[in-house]
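What the coordinates show
Below, each chain spelled out in residue letters.
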Protein chains: 2
Amino acid sequence: MDTMQVQLGERSYPIYMGADNLNNAELLTRHIKSKQVLVVTNETIAPLYLMQVTTHLQNYQLEVVVLPDGEQYKTLATMETIFAALLSKQFSRNATIIALGGGVIGDISGFAAACYQRGVPFIQIPTTLLAQVDSSVGGKTGVNHALGKNMIGAFYQPQCVIIDVNVLQTLDDRQLAAGVAEVIKYGLIRSADFFAWIEANIESILARDQNALTYIVEQSCGHKAEIVASDERESGIRAILNLGHTFGHAIETGMGYGHYLHGEAVAIGTCQAADLSRRLGWLNDADVNRIVALFKKAGLPTEPPADLLAEGYINLMAVDKKNVDGDIRLILLKKIGEASLPVSVEKSVLLEALNNYGREN
Amino acid sequence: MDTMQVQLGERSYPIYMGADNLNNAELLTRHIKSKQVLVVTNETIAPLYLMQVTTHLQNYQLEVVVLPDGEQYKTLATMETIFAALLSKQFSRNATIIALGGGVIGDISGFAAACYQRGVPFIQIPTTLLAQVDSSVGGKTGVNHALGKNMIGAFYQPQCVIIDVNVLQTLDDRQLAAGVAEVIKYGLIRSADFFAWIEANIESILARDQNALTYIVEQSCGHKAEIVASDERESGIRAILNLGHTFGHAIETGMGYGHYLHGEAVAIGTCQAADLSRRLGWLNDADVNRIVALFKKAGLPTEPPADLLAEGYINLMAVDKKNVDGDIRLILLKKIGEASLPVSVEKSVLLEALNNYGREN
């Protein structure tokens, strides 16, 4: 087992990474401060891993909330289910909430923990590759609104993140690929070497080779932890983690939550960001082809949905946390391995890119 | 005009107190960082003071949300109205939310500001005495749940608090008295002199003498600011502000939000806390009589509702943010002018006090 610390002063916490961590009772219980524990999970994960976790919690006042599975349930209304469970059992301000699931479960449970009695401790046990390499680390929690993705939430750090790469063996192929999209992102924004490593090892990753999975989890969490430690509340550098996400969020909101997995929308969005970077002269054709080819090899979509038109994107992208006074700002690529800070892109340039994606300038 | 600073490091902010502050455009605009401004108010306040505020905001992209008036609307569902307004106008992360109203408007708008895009600036313009002396200062924001008062929220500090005592001239008598309940609380928990001053000047306060009102606002904000500065997130001393509130919240939740005003429930709850303090030998009969008499003079209720039985209280009090692992903890009085820290009270003692309120031991 490898342990990495997210350095955030009094809000610092460990990420435990390795195989078989779910069977390690002490790893979990050392971070629980009172006898009241609520596990939040979903219908897909509960039959697979809930008992493996709750078996460590027999000496606690244990409650479980099982939510339906899917991005479309990441709403304020679903939060009410969690609050009702906590209140009906008279859970106090030192109760612990454990998020056992993918990014949706982690985001919604973390936000519930941030808000319940103005803040109770929580623990992330991410069960998808995407949650393990990205959403469980860094304290971004929240829910979607019909008018915008992740628009309601809090920065709220967990007590710890417990990653067991063994759970990736039961993940379906589509979910695995969605996680690979965020892994590729780290290579693109920060490390050409890591990008090249993913290119060379994509088959091992997709074959769920334990060493390959452990390596990408450790590399990704390392990048994420470094970025978060230097800019917890995204006033600067942390924004580069949003490569592909402004396009991606527009796709998710525009097509309806749950139509694309988050990682799939990010894959398409990152190809669009690469295409736009090429139009600005920062990437060349060969770079863009490499990027698109790797997403394709990973089994991810790279073509924007035909029925989301350029004007639709513009309207949806106008609701984005990076924007300032209505100005659309994007993370683009200076080169493979280096992201730009948020760039204001003129509407005409953006419209042309959206209308001519993938075609020559 | 008097200015007081709430000392919270990088989250410090001024409280402006005085007459006619609502007509001071610069006081407001100096704290607005971008051109997007949303004013949240209610149906009672909008006809009285909305235009006085919005006249200062003609050069901004101004939106207004007018909510129904009452504690029963302090819910997550009402927050959706605010989020929809912000998102439909594509308000960004540097937009400012202004809360123009009483405690309900301040609490809900502040919580919306804490959550929208994980945090946007907000400004408190409290228009009730209760909001001016208590809820607008200190960063407690949140909404109620059917199973518990203020159970969902955030600690989130405003950019500033603008108090205009002139608005108290239009406040209805019941709302004015409700605010006086919290003013009396400061005397009880921190200053026997201030308590005696209120006793001596209650008629001037109720007659809305400007000097008397200004004095109680300044004294109360001073006490509140000092306590909050030393314990922002209520890990210790801040809990004394909850004198009477554990009983009071049980009454509010048990009788249905909106039945009693918050200050009315606090008045009854404080009398219950005083009665219990007497049973523990901390107060004598004369102390309790003085306390009850002052609340009565202020026009406040002091008798618990007949249809809320002792067992009902116990169940409702079991949901309280001061509790630890299901143990009920109360703020009581050591003497007039000095509160206790949270005290665990045995159920049998509490039941006897609830069943025999006001009668001899």
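In this convention, every chain numbers its residues from 1, walking through the sequence in written order. In the order they appear in the text, chains get letters beginning with A and ligands get numbers beginning with 1. Per-residue local features are limited, in this predicted model, to residues with pLDDT of at least 70; the limit for side-chain atom pairs, both in listing and counting, is 80 or more; totals at the level of whole chains, interfaces and linings are taken over all residues. The side-chain figures draw on all heavy atoms in the structure; neither hydrogens nor water molecules are used.

Another point: the packing of aromatic side chains. Geometry of aromatic contacts follows a simple scheme: Phe, Tyr and Trp rings, the Trp one being its six-membered ring, pair when their centres are within 6.5 Å, and the pair is stacked under 30 degrees between planes, edge-to-face over 60, tilted otherwise. The final tally for this structure, using the stated rule, is eight aromatic pairs over all chains. Ring centres of F83 of chain B and Y116 of chain B lie 6.5 Å apart, and the angle between their planes is 20°; on these two criteria the pair is classed as stacked. You can see F83 of chain B sitting in helix α3 (residues 76-88) and its partner Y116 of chain B sitting in the loop between α4 (103-115) and β6 (122-126), a full 33 residues away along the chain. In textbook terms, an aromatic cluster arises when at least three aromatic residues are bridged by ring pairs, as seen for F194, W197 and Y215 of chain A. Runs of H or I in DSSP of at least four residues are treated as helices and runs of E of at least two as strands, each being numbered from the N terminus.

Let us now look at the domain arrangement of chain A. Residue and element names in this part refer to chain A. Throughout, the edges of the domains are those of an automatic or database domain assignment. Domain assignment breaks chain A into domain 1 (2-170) and domain 2 (173-355). By definition, residues are in contact when any of their heavy atoms lie within 4.5 Å. Listed as interface residues are 37 residues of domain 1 and, on the opposing side, 38 residues of domain 2. Two parts placed together each lose some accessible area under a 1.4 Å probe, and the buried area is that loss summed for both. Of the roughly 3,200 Å² buried at the junction of domain 1 and domain 2 (both faces included), carbon and sulfur atoms supply 63%. Any Lys or Arg side-chain nitrogen found within 4 Å of a carboxyl oxygen on Asp or Glu counts as a salt bridge. At the boundary of domain 1 and domain 2, one finds five salt bridges. We note a salt bridge from D134 to K185, for which the minimum N-O separation is 3.8 Å. Polar contacts here mean pairs of N or O atoms no more than 3.5 Å apart (in protein, one a potential hydrogen donor and the other a potential acceptor; neighbouring residues in sequence count only if both atoms are side-chain atoms). Remark: the boundary between domain 1 and domain 2 carries 15 residue pairs in polar contact (both at pLDDT 80 or more). If one sorts the elements of the side of domain 1 that touches domain 2 by residue count, helix α5 (residues 129-135) sits on top with six residues.

Moving on, we get to the sheet that holds strand β9 (residues 160-164) of chain B. Residue and element names in this part refer to chain B. As summarised here, the arrangement of the seven strands in space is β1-β2-β9-β6-β5-β3-β4, forming an open sheet in which the pairing is mixed. Since the sheet does not close on itself, it has two edges, and those belong to β1 (2-6) and β4 (61-67), each with one partner. Looking at each pair of strands side by side, their axes are set apart by 15° on average, direction ignored. Here strand β3 (residues 36-42) runs beside β4; their pairing, made up of seven bridges, is parallel. Opposite V40, over in β4, you have V65 as the bridge partner. Axis definition: a line fit to C-alpha positions, over the contact stretch in the case of helices; interaxial angles, taken between N-to-C directions, run 0 to 180 degrees. Contacts between α3 and the sheet are confined to β3, β4 and β5 (96-101), with β4 contributing the most and set at about 160° to the helix. Two strands form a pair only when DSSP identifies at least two bridges running between them.

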